[in-house]
Amino acid sequence: MGMWSRRRFLNVLMVVGTSLIPRSLWAQAGSFLTLDEAPHAVFPEGTSVEQRHVPSTPQLREAIMGDLGSTKPSLWEPDYVLFTVHRDGNLLGYAVVVEEIGKHRPITFVVGVRPDGVVQDVALMVYREPYGGEVRAPRFLAQYRGKNLTASLLPFRDIRNITGATLSAEAIGRGVRKALALLRTLSLTGGKPS
Amino acid sequence: MRIGRINTLTFAGLLGLTLTVAEAGNASSSNAPTTAVAQSSATTGTASDTMRQELDQLKRQMQAIQDRIQELEKPPAEKPAAEPARPATGPGGTTPRPEQPPAVPTAPSPAYGNILPGVRLGGYGSFRFEGSSLKDVNDTFTYRRLVLSVDANIAERLRSGIEIELERFTQLELARTTSPSNGGLGVEQGIGGSDDSELSVEQAWLEYELEPWLRFQGGMVLVPMGRFNLHHDDNLWDLPRRSLIDTGIPVLPIKAAWSEVGMGFVGDIPAGPGTLSYHLYAMNGATLDTELETIFQTRTDDRNVIEMEAKLQPVRGTANIDLKNGKAFAGRVAYNLVPDYELGLSGYYGRYTPQFLSSQLLWAFGVDGKATFGALEVQAEYIYTHFSNISKVANSLAQVAFTQAAAIPATASPDLEVELRFELAQLATVKNGYWLNLRYPVSPDWLRNSILGRRFANPQLIPVVRWEQAWLNGLLSNLSFENGVVTELERQNRFVDRITVGLAYRPVPLVVFQLAYEYTWTNHGKSLADVTNFLPAQPGENTASAVLVGVAFGF
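Residues numbered from 1 in each chain as written. Chains lettered and ligands numbered in written order. Predicted model: local features only at pLDDT ≥ 70, side-chain atom pairs only at ≥ 80, totals over all residues. Heavy atoms only, no water.

Colleague: Explanation requested: the overall build of chain B in the structure shown.
Modeller: Counting its regular elements, chain B contains 6 helices and 22 strands. Buried residues in chain B amount to 45% of all 555 residues. A separation threshold of at least 6 residues defines the contact pool for chain B, and within that pool the share at least 24 residues apart is 64%. Accessible surface computed for chain B: about 27,800 Å², of which carbon and sulfur atoms make up 60%. (Helix = DSSP H or I, 4+ residues; strand = E, 2+ residues; numbered from the N terminus. Buried < 20%, exposed > 50% of the residue type's maximum accessible area, 1.4 Å probe, protein only. Contact = heavy atoms within 4.5 Å. Areas by Shrake-Rupley, 256 points an atom, 1.4 Å probe, with all protein chains shown as cover.)

Below you can see the structure in the form of structure tokens.
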């Protein structure tokens, strides 16, 4: 095989190889979902989405904290981006964008909650830490599906931990509980604030 | 809190005003000298327009800040109510649910979508108390290490990580004086510091994300051999001593944390239900380099001695011009089925001899993994390292050094023996070994209500067991050469086993209190000191037991 043909072969190999690799791939830190994409990530079957912002007032924060018991989320959001998701006029549920500190930096994610106060799905929007990005894996996030506020959502209790990403796993659990408590405080989902 | 926030906003506004005015000033002043007179009025007019627009913008920003301050100063009762209201219709004709009225839309939190919250300082530290059965080891507190780390998101796709390690390091003192004395000029220099200590740049790299699956990394990077070297932070582990094959023997070509100057690519690629992640680097690589030991010893039954020993042993590659004309390559591929399983394969290939010795290869491979079975977490690592042609290296050293040792004879110096000596150390044809770590974290209710766990969200008790074995085949134990010829080359096969049982307590994931008992043994009649770098056993002392109480913390 002459020089030119070998180069051509390598070029073809590189083009084919590159084209085979999907574009939306993993990374530790990165932005994975925009605000517009967030509700569809947790309610892909939704046909209409209504977005609004719920200001985080002291009363709201106090009510959320009261509902969460020993869980102490950050509650630093100035307001919560809340999506109401419908399918053909029927309410599918709510998607709440929340943030929680991993080790040093906030993790932004969206929590989908059905009207009965049960987690539909969780999806990461932005991950900023250099390590621990495995919490973005669907296999890990699937553990939150079907959970409600009675669950602690803590590693080694009702969530399988990721070795080396315990802080991020705890942060996801705190954020999910915060979203559940927010919706219950706003009386959007089932159950009464305790 | 509110006052602090107001101050922050006011400060931000003033800072913005200052910077903008300064920029406007700079812009007009930098234009002035280079603008022709005929154009000056037009330029001035343009600059004035720009300034006017910026001032208008600033006024609007200041007004927004004032509005925000007024809003924050309002009593809580006057803030927008969070009480829910009922919507006009419920879902699917069901009973209408109470719902909050749509609030006035505000801008989303600045953090949304932003991955650049700047530079973060972190690190970890660890210390322990040790009581040992070895005759020459006193019960002791050891300050294991303090590592300071910085990670910075420089720009959207540019990151940097830095780790500075202070291992058993407490101080380094340098004293020097130059002054006339005894009719001449005298120079005195003294260096003092903590014993067996190290100050080291463990990591200093830049990452450039070309694609999420293709991220360039360059600088001082961790060599991706085995899972321990990549995850070596003391506070990640439940036992207060690192594993044998990664540190205490070590089987890894260079003990952890092993980093090298180089560059390469890392990435994560979804594959089926899991993720395939890889590290691939070219680097200077491990090499035989000299450690110079100076020994002063007074003796009652022999001449006092000054001995200088130059030990050639494998160390991490230089950060200066490479000592050898050949780069090393290392890589690791891992399949991660989060959160339950991970399997990693790693390899290393490169020349380990400096240019003045014959060219010989060092290669190594590793298999590591983790698996979760309920609450039981299992991690393991196996490393195999091969140093090729150690006897040729010895011959080559003999030819280059010609004379292994030189001493001043007793007739010339009856009271003081002065000796210079070359040694080859820590070389074995094959080193291999593994560790198996089992941990079982539990978080019982009584712990959360106890004095230990009170006010912690998820404190854990973790029983842990680690079983380790290492084999050193063809371990170079004695080398003599004279007049450029090797006269004696002794090698032996050795093993070291260790079992450690412990109990760890983690109030939070970053902090661990550790209690452990370990038992280590090697070949009968041999000393543990010959094969480990942390057990100063006497000749024939082939077993050691120790009780360890440690603390490790991250931040």
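Text resumes after the structure shown.
Colleague: Please clarify how the packing of aromatic side chains should be interpreted in this entry.
Modeller: One pair of aromatic rings is described through two measures. These are the centre distance and the angle between the planes. Residues and elements named next belong to chain B. A full pass over the atoms with the stated rule returns 16 aromatic pairs over all chains. With a centroid separation of 5.3 Å and an interplanar angle of 35°, the aromatic rings of Tyr519 and Trp521 are classed as tilted. On the accessibility criterion, Tyr519 (30% relative accessible area) is partly exposed. Look at Phe553 and Phe555: their rings are 6.3 Å apart centre to centre, the planes differ by 25°, and that puts the pair in the stacked class. An aromatic cluster of at least three residues, connected via ring pairs, comprises Trp363, Phe365, Tyr382 and Tyr384. (Phe/Tyr/Trp six-rings, centres within 6.5 Å; stacked < 30°, edge-to-face > 60°.)

Colleague: Explain a nonpolar patch on the surface to me, please; I cannot follow it from the model alone.
Modeller: A surface patch of nonpolar side chains, about 730 Å² in accessible area, is lined by B:Leu121, B:Phe127, B:Leu148, B:Ile162, B:Ile164, B:Leu199, B:Val201, B:Phe553 and B:Phe555. With respect to the secondary-structure elements, B:Leu199 resides in strand E6 (residues 198-211). (Patch = residues over 30% accessible without salt bridge, like charges linked within 9 Å, V, L, I, M, F, W, Y side chains within 5 Å. Salt bridge = Lys/Arg side-chain N within 4 Å of Asp/Glu carboxyl O.)

Colleague: I tried to follow the pairing of strand E22 (residues 543-554) of chain B on my own but got confused; where do I start?
Modeller: Within a regular strand, the side chains alternate between the two sheet faces. All names here are of chain B. Of the pairings in the sheet, the one linking strand E1 (residues 119-132) to E22 comprises 9 bridges and is antiparallel in character. Of the residues in E22, the one forming a bridge with Gly125 is Phe553. Across 11 bridges, the pairing between strand E21 (residues 511-522) and E22 is antiparallel. From the neighbouring strand, Thr520 faces E22, where its bridge partner is Ala544. (Pairing = 2+ DSSP bridges.)

Colleague: Sorry, what's going on with the sheet that holds strand E17 (residues 416-424) of chain B here?
Modeller: Picture the strands of a sheet paired through backbone hydrogen bonds; they go either parallel or antiparallel. Residues and elements named next belong to chain B. Spatially, E10-E11-E17-E16 is the arrangement adopted by the 4 strands of the open sheet, whose pairing is mixed. Each of the sheet's edge strands pairs with one partner strand only, and the pair in question is strand E10 (287-297) and strand E16 (405-407). Direction aside, the axes of adjacent strands within the sheet are offset by 10° on average. (Axes fitted to C-alpha atoms, helices over the stretch in contact; angles between N-to-C directions.)

Colleague: I'm lost on helix H5 (residues 390-401) of chain B in this one. Help?
Modeller: Because each turn of an α-helix spans 3.6 residues, side chains separated by three or four positions in sequence point in the same direction. Residue and element names in this part refer to chain B. Counted at 1.5 Å a residue, the expected span for H5 with its 12 residues is 16 Å, and the 16 Å between its end C-alpha atoms agrees. Listed in full, the buried residues belonging to H5 are Ile390, Val393, Ala394, Ser396, Leu397 and Ala398. After H5 finishes, the residue Phe402 shows a positive phi value of roughly 65°. (Expected span 1.5 Å × (residues − 1).)

Colleague: Please clarify how the packing of helix H3 (residues 58-68) of chain A against helix H5 (residues 166-185) of chain A should be interpreted in this entry.
Modeller: The relative placement of two packed helices comes down to the angle between their axes together with the axis-to-axis distance. Residues and elements named next belong to chain A. Relative orientation of the contacting elements H3 and H5 amounts to 115°, with a least axis distance of 9 Å. Between H3 and H5 the crossing geometry is right-handed. Facing Leu60, Ala63, Ile64, Asp67 and Leu68 of H3, the residues of H5 in contact are Arg177, Lys178, Ala181, Leu182, Arg184 and Thr185. Taken together, the residues that form the contact of H3 with H5 break down as 6 nonpolar, 1 polar and 4 charged. (Left-handed = near helix turned anticlockwise from the far one by under 90°. Nonpolar A, V, L, I, M, F, W, Y, C, P; charged D, E, K, R; others polar.)

Colleague: Help me understand the confidence of the model for chain B, please; the structure alone is not making it clear to me.
Modeller: Detail in the predicted coordinates should be disregarded across regions flagged by low pLDDT. Residues and elements named next belong to chain B. Averaged over all residues, the pLDDT of chain B is 83; the fraction at 70 or higher stands at 80%. For the stretch residues 1-45, pLDDT sits under 50, and the model shows 26 contacts to residues farther than four places along the chain or on other chains. Taken as a whole, residues 75-110 scores under 50 in pLDDT and shows 72 contacts with residues more than four places along the chain or in a different chain. ipTM for the predicted complex: 0.80, alongside a pTM of 0.78. (pLDDT = per-residue confidence, 0-100.)

Colleague: What is the right way to read the environment of B:Pro270 from this model?
Modeller: Residue and element names in this part refer to chain B. Relative to the helices and strands, Pro270 is located in strand E8 (residues 259-271). Taking relative accessible area as the criterion, Pro270 reaches 30% and is therefore assigned partly exposed. Between the C-alpha atom of Pro270 and that of Tyr335, which follows or precedes it by 65 residues, the distance is 9.4 Å.

Colleague: Which parts of the structure should I look at to understand the pairing of E1(B)?
Modeller: Taken together, the 12 bridges between E1(B) and strand E2 (residues 140-155) of chain B define a ladder with antiparallel strand orientation. Bridge pairing links B:Glu130 to B:Thr140 in E2(B).

Colleague: Which parts of the structure should I look at to understand the sheet that holds strand E1 (residues 30-31) of chain A?
Modeller: All names here are of chain A. What the 6 strands build is an open sheet, ordered E1-E6-E5-E4-E3-E2; its pairing is antiparallel. Each end of this open sheet is capped by a strand with a single partner; those strands are E1 and strand E2 (48-55). Packed on one face of the sheet, H5 meets strand E3 (79-87), strand E4 (90-101), strand E5 (106-113) and strand E6 (119-127) and runs near 135° to E4.

Colleague: Hey, could you run me through H3(A) in this one?
Modeller: Residue and element names in this part refer to chain A. Taken residue by residue, H3 has Leu60, Ile64, Asp67 and Leu68 as its buried positions. Along the axis of H3, the buried residues cluster in a sector spanning 100°; they form a single face. Where H3 is buried, its residues meet E2, E3 and H5. Phi turns positive one or two residues past the end of H3, at Gly69, with a value near 65°. (Arc of directions from axis to C-beta.)

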